[in-house]
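Results of the structural survey
Okay, here's what each chain looks like letter by letter:
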Amino acid sequence: MQFVPEPPAPSVSSGLIRLERLTQRFRSGDQELTVLNEVDLEIAAGESVAILGPSGSGKSTLLALIAGLDNPTSGRVLIEGREIQNLSEDDLAMLRRSKIGFVFQSFQLLGNLTAAENVRLPIDLARLDRPDQRTAALLDEVGLADRGHHYPAQLSGGEQQRVALARAFATRPPILLADEPTGNLDAATGARVLELLADLKSRRGTTLVLVTHDPAVAAVADRRLYLNGGGLVDEGSGGR
Ligand SMILES: Nc1ncnc2c1ncn2[C@@H]1O[C@H](COP(=O)(O)OP(=O)(O)OP(=O)(O)O)[C@@H](O)[C@H]1O
Ligand SMILES: [Mg+2]
């Protein structure tokens, strides 16, 4: 009998994040809006991707689906080859807590906690050691070392944004999803946040998915994707 070599094992999924025919429709009244129309995307571990597109094109919707914060109308989201829609509430919460940092466009800080307490919360939930030092170091990294005792309402928009970034970095998640991370920052602070993002990527190998209108943020990403009319177009890795 002739020897037939074994075929290579099917690749489970090389992408850390994988979207398959992801569709999201919203109904309001008798109108239906297709925000994402069968979007396919694969993002490798350690890659940084900028998502661009006009207001209302579905960028925040896309990030929320990747984080499992919302359910798609159809299609699949896989993180490390696991379909997140199939996970139990507990497993999904665990996945989010251990793998994903999320910076919301609207920050979503807890108003009854101080800046330091907001940053410290995920550290405590993950039971990391030296929570005080970690919290202080994170606040320092975003230039808010002396504002830890302020409540969100006592901080400017840009300061709240930086607290939200520090909170998202707090547990050093392998995936950081950030919705307009420099949207409310002046040029100098924005440049500092950009440095922080570049540092996360190069030193920790963090996978970054950044929604942005900021050309400086888009320029540092490995890949730029443009969302419009429900479709995602890869604009490639060429510099701008
Ligand atoms: N829960 C919802 N119900 C109905 N429509 C929604 C819902 N969430 C989002 N939409 C609609 O989906 C579209 C995409 O919204 P999304 O927030 O994803 O846009 P975006 O690209 O992030 O815009 P921006 O740049 O202004 O933040 C918008 O037209 C919005 O009105
Ligand atoms: Mg948005």
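Residues numbered from 1 in each chain as written. Chains lettered and ligands numbered in written order. Predicted model: local features only at pLDDT ≥ 70, side-chain atom pairs only at ≥ 80, totals over all residues.

1. Things to note about unusual backbone geometry
As a rule of thumb, non-glycine residues mostly have phi less than zero, and peptide bonds are mostly trans rather than cis. Even without glycine at this site, phenylalanine 107 takes up a positive phi of about 70°. Along the polypeptide, phenylalanine 107 turns up in the loop between strand E6 (100-103) and helix H3 (115-125). Overall, the presence of 20 C-beta atoms within 10 Å leaves phenylalanine 107 in the buried class. Backbone geometry at glutamate 180 places phi at a positive 55°, although glycine is not the residue there. For glutamate 180, the location among the structural elements is in the loop between strand E7 (175-179) and helix H6 (187-204). (Helix = DSSP H or I, 4+ residues; strand = E, 2+ residues; numbered from the N terminus. Buried ≥ 20, exposed ≤ 12 C-beta atoms within 10 Å, placed from the backbone.)

2. Topic: the packing of H3 against helix H5 (residues 157-169)
Two elements in contact, H3 and H5, have axes separated by 7 Å at closest approach and are oriented at 20°. On the basis of their axis angle, the class for H3 and H5 is roughly parallel. Crossing of H3 over H5 shows right-handed handedness. Here H3 contributes Ala115, Asn118, Val119 and Pro122 to the contact with H5, which in turn contributes Val163, Ala166 and Arg167. For the contact of H3 with H5, the per-class residue count stands at five nonpolar, one polar and one charged. (Axes fitted to C-alpha atoms, helices over the stretch in contact; angles between N-to-C directions. Parallel < 35°, antiparallel > 145°, perpendicular 65-115°, else oblique. Left-handed = near helix turned anticlockwise from the far one by under 90°. Contact = placed C-beta atoms within 7 Å. Nonpolar A, V, L, I, M, F, W, Y, C, P; charged D, E, K, R; others polar.)

3. Overview of the sheet that holds E6
The sheet built from six strands is open, its strands ordered E6-E7-E8-E3-E9-E10 with mixed pairing. The open sheet is flanked by E6 and strand E10 (231-234), the only strands paired with a single partner. Strand-to-strand twist across the sheet, computed as the mean angle between neighbouring axes with direction ignored, equals 15°. For E7 and strand E8 (residues 207-211), the ladder comprises five bridges, and the chain directions are parallel. Looking at E8, one finds that aspartate 179 is bridged to valine 211. Set on the sheet, helix H1 (residues 59-66) makes contact with strand E3 (48-52), E7, E8 and strand E9 (223-228); between it and E8 the angle comes to about 150°. (Pairing = 2+ DSSP bridges.)

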